[in-house]
Amino acid sequence: MNDEQGRGPRFAILPISHVDLDVVVAISRDGGVPWTRHQFLEELERAWSRIDVVKLGGTGDVLAFVCYWLVADEVHVLNLATAEEERRRGHATRLLEHVARGGRQRGAREVTLEVRRTNAPANALYRRLGYRLVGVRPAYYVEDREDALLLKLDL
Ligand SMILES: CC(C)(COP(=O)(O)OP(=O)(O)OC[C@H]1O[C@@H](n2cnc3c(N)ncnc32)[C@H](O)[C@@H]1OP(=O)(O)O)[C@@H](O)C(=O)NCCC(=O)NCCS
């Protein structure tokens, strides 16, 4: 993507590096899906897990992240969040399109994810990108027993 003056890439999507971890943990905490640093590190150890970030060109500030698994012919999104002050600027869309593109290239046939029933912004985002409801997991979230909606995008 180019900036308004066409001066080259304004955002880059890159694999997370260790120096990004603190910011990603903070974005996750502020987004209400508070994974610990340890949880992110565990994902980095798994051969089938990826964490990618949106970085601002120039400064390299991390604006958003996604964590997903590539398993057999399925991509499963585990965590996704955009820094509060950066929301509604297309970063989550960018990340999900990147995940779908990568999945397609590896021969995956679908992207799946769970989302809280009451998470209106996330539900709006996923529906807009073509995800459809394929199931409900009752009381999936142990903290408050909220249902998870299982959404799927065919690739
Ligand atoms: C959900 C979330 C990741 C969206 O990130 P984002 O970078 O703001 O998303 P985008 O800018 O790509 O939004 C794309 C579209 O999704 C929908 N959308 C996103 N946020 C919305 C909101 N608050 N209300 C209504 N629709 C929303 C809109 O259709 C939006 O397009 P528009 O801005 O042109 O209207 C972000 O709100 C977030 O980090 N929330 C906290 C963590 C979270 O809930 N993660 C998902 C866990 S399943």
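Whatever comes next refers back to the structure up there.
Residues numbered from 1 in each chain as written. Predicted model: local features only at pLDDT ≥ 70, side-chain atom pairs only at ≥ 80, totals over all residues. Heavy atoms only, no water.

K.L.:
How do you make sense of the pattern of salt bridges when you look at a structure like this?
P.N.:
Think of it this way: side chains of opposite charge can pair up when their charged atoms draw near. As enumerated under the stated definition, the model contains 14 salt bridges in all. Residues glutamate 114 and arginine 137 are paired through a salt bridge, measuring 3.0 Å at the closest nitrogen-oxygen approach. Here glutamate 114, found in strand E5 (residues 110–116), pairs with arginine 137, found in strand E6 (residues 132–141); they are 23 residues apart in sequence, far enough to count as distant. Judged by its relative accessible area of 35%, arginine 137 falls in the partly exposed class. (Salt bridge = Lys/Arg side-chain N within 4 Å of Asp/Glu carboxyl O. Helix = DSSP H or I, 4+ residues; strand = E, 2+ residues; numbered from the N terminus. Buried < 20%, exposed > 50% of the residue type's maximum accessible area, 1.4 Å probe, protein only.)

K.L.:
I would appreciate a short explanation of the pairing of strand E4 (residues 74–82) in the present structure.
P.N.:
Buried residues dominate E4, accounting for 7 of its 9 residues. Sheet topology note: the strand E3 (residues 62–71)/E4 ladder contains 8 bridges and is antiparallel. Within E4, the residue paired with cysteine 67 across the bridge is asparagine 79. Hairpin remark: E3 followed by E4, antiparallel, with 2 residues in the connecting loop; positive phi at alanine 72, about 50°. With respect to chirality, the unit in which E4 leads through helix H3 (residues 91–105) into the neighbouring parallel E5 is right-handed. (Pairing = 2+ DSSP bridges. Right-handed = clockwise from strand over helix to strand, strands pointing away.)

K.L.:
Please clarify how the side chain of glutamate 146 should be interpreted in this entry.
P.N.:
Within the secondary structure, glutamate 146 sits in strand E7 (residues 146–154). A relative accessible area of 14% places glutamate 146 in the buried class. Side-chain polar atoms of glutamate 146 contact the backbone nitrogen of arginine 117, separated by 3.1 Å. (Polar contact = N/O pair within 3.5 Å; in protein donor to acceptor, adjacent residues only side chain to side chain.)

K.L.:
I keep staring at the pairing of E6 and nothing clicks. Help me out?
P.N.:
Every regular strand shows the same layout, with side chains that alternate between the two sheet faces. Pairing analysis gives 6 bridges linking E6 to E7, with the strands arranged antiparallel. In the strand pairing of E7, arginine 132 is matched with lysine 152. The hairpin formed by E6 and E7 contains 4 residues between the paired strands, and arginine 145 there has a positive phi angle of roughly 60°.

K.L.:
Please clarify how the site of the ligand should be interpreted in this entry.
P.N.:
If you check the shell around the ligand, you find 20 residues, and the closest are Leu80, Arg88, Gly90, Thr93 and Asn119. One nitrogen or oxygen atom from the side chain of arginine 87 is found 3.4 Å from an oxygen atom belonging to the ligand. With the chains in place, 78% of the 920 Å² that the ligand exposes on its own is no longer accessible. Elements with a contribution of two residues or more to the shell around the ligand: E4, H3, E5 and helix H4 (120–128). At 6 residues, H4 tops the list of elements feeding residues into the shell around the ligand. Looking at the shell around the ligand, its residues break down into 9 nonpolar, 6 polar and 5 charged. (Near = heavy atom within 4 Å. Areas by Shrake-Rupley, 256 points an atom, 1.4 Å probe, with all protein chains shown as cover. Nonpolar A, V, L, I, M, F, W, Y, C, P; charged D, E, K, R; others polar.)

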